[in-house]
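Coordinate inspection notes
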Amino acid sequence: MSQQDKLFPVTLSSQWISPNEANSNHSSFFDSSPSIMQWLIDTGSLTARLKEHCQHFRVELLGQQVQPCPASEANDLIKPGEEVLVREVILYCDEVPQVFARSFLPLSSLTGAEQKLANLGTQSLGQVLFNNPSLERRYIEIAQFDANSSIAQLCKVLRLPFNDQIWGRRSTFVLENKPLMVAEVFLPNAFAYSSGNHEKNHVQ
Ligand SMILES: C=C(O[C@@H]1C=C(C(=O)O)C=C[C@H]1O)C(=O)O
């Protein structure tokens, strides 16, 4: 079993809140670190944005498995207990881990041309999603991950300097009228925490 296989499934649980709620509850942090909120609410492709920041982008597949959707991660389009393919990856830029992502692909969405989403391997899910003009992205929720979270444990294994301001986002996409959910956590050394305002404007 490879090192990555041992990590899977990392899982993900937190209190997901709206960006506005986060801004008011954590105003001192977001005021002092404006870039992270821009990354959290950016509705474009995270893959494309990361690629703008590095020479070599890669996706490391930690694993994927079919399981019933946990109630804590379900929503109005992906029901508790519904069979989903769970996919966990780490996105790297120039070998620096940037994002841990956990995606739910309902088996009922993996039909027709979308069957290929079940066999992406190390191809970026975003590469496929954002090439489809039918793609819709629903509201974004964000969450903080503390020292007791599975993300803190992942950072320990990856030897990343965990701190108390690790943030992530999740949203549901609808592709050809079929839902899938993507949750992404910016890891401690991610550009998202330090990139200045010099970046190209990203439409939220
Ligand atoms: C949704 C996107 O795809 C990215 C790639 C993922 C993958 O390959 O599993 C998962 C989430 C995203 O970080 C994106 O690039 O915006």
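Residues numbered from 1 in each chain as written. Predicted model: local features only at pLDDT ≥ 70, side-chain atom pairs only at ≥ 80, totals over all residues. Heavy atoms only, no water.

**Description of empty space enclosed by the protein**
Within the structure shown, the criterion is met by one cavity of 30 Å³ or more. Along the wall of the largest cavity there are 20 residues; nearest its centre are Thr-47, Leu-125, Gly-126, Val-182 and Glu-184. (1 Å grid on protein atoms, 1.4 Å probe; cavity = no way out; pocket = protein on both sides within 12 Å on 5 of 7 lines; lining within 4 Å. Points joined across faces, edges and corners; volume = space filled by probe spheres on them.)

**Thoughts on the UniProt feature "binding site: substrate" (unreviewed entry) in the chain**
Under the local residue numbering, the UniProt record ascribes the feature "binding site: substrate" (unreviewed entry) to Arg-87, Leu-125 and Glu-184. For the annotated residues, spread through 98 residues, the largest C-alpha to C-alpha distance comes to 12.1 Å, consistent with a single compact locus. Of the residues named above, Arg-87, Leu-125 and Glu-184 line the largest cavity. With a relative accessible area of 3%, Arg-87 lands in the buried category. Mapping Leu-125 onto the fold places it in helix α6 (residues 125–129). (UniProt positions renumbered as here; feature names shortened; annotations may be inferred. Buried < 20%, exposed > 50% of the residue type's maximum accessible area, 1.4 Å probe, protein only. Helix = DSSP H or I, 4+ residues; strand = E, 2+ residues; numbered from the N terminus.)

**Some details on the side chain of Glu-88**
One can find Glu-88 in strand β2 (residues 83–93). Here Glu-88 falls in the buried class, since its relative accessible area comes to 0%. Here Thr-11 takes part through its backbone nitrogen, which lies 2.9 Å from a polar atom of the side chain of Glu-88. (Polar contact = N/O pair within 3.5 Å; in protein donor to acceptor, adjacent residues only side chain to side chain.)

**Notes on helix α7 (residues 150–157)**
Restricting attention to buried positions, one finds in α7 the residues Ile-151, Ala-152, Leu-154 and Cys-155. When α7 is viewed along its axis, its buried side chains cluster within an angular range of 160 degrees and face the same direction. Following α7 by one or two positions, Arg-159 has its phi on the positive side, about 60 degrees. (Arc of directions from axis to C-beta.)

**Description of the site of the ligand**
Residues in close proximity to the ligand total 16 residues, the closest being Leu-46, Thr-47, Arg-87, Leu-125 and Glu-184. At a separation of 2.6 Å, an oxygen atom of the ligand approaches a polar side-chain atom of Thr-47. Summarising the interface, the protein chains cover 100% of the accessible area of the ligand, which totals 380 Å² for the free molecule. Of all elements in the fold, only α5 (46–51), β2, β3 (96–106), α6 and β6 (178–186) reach the threshold of two or more residues within the shell around the ligand. Element by element, the count of residues in the shell around the ligand is highest for β2, at three residues. Among the residues making up the shell around the ligand, the classes are represented as eight nonpolar, six polar and two charged. (Near = heavy atom within 4 Å. Areas by Shrake-Rupley, 256 points an atom, 1.4 Å probe, with all protein chains shown as cover. Nonpolar A, V, L, I, M, F, W, Y, C, P; charged D, E, K, R; others polar.)

**A word on the pattern of salt bridges**
Working definition: two side chains of opposite charge can pair if their charged atoms are close together. Taken as a whole and assessed by the stated rule, the structure comprises 10 salt bridges. Note that Arg-138 is salt-bridged to Asp-76, the shortest N-O span being 2.8 Å. In this pair, Arg-138 sits in strand β4 (residues 136–145) while Asp-76 sits in the loop between β1 (57–68) and β2, placing the two residues 62 residues apart along the sequence. Taking the shortest distance from any N to any O, the salt bridge between Glu-114 and Lys-178 comes out at 2.7 Å. Taken together, the residues span a long stretch of sequence, with Glu-114 in the loop between β3 and α6 and Lys-178 in strand β6 at a distance of 64 residues. Given the relative accessible area of 6%, Glu-114 is considered buried. You can call Lys-178 buried: its relative accessible area is 14%. (Salt bridge = Lys/Arg side-chain N within 4 Å of Asp/Glu carboxyl O.)

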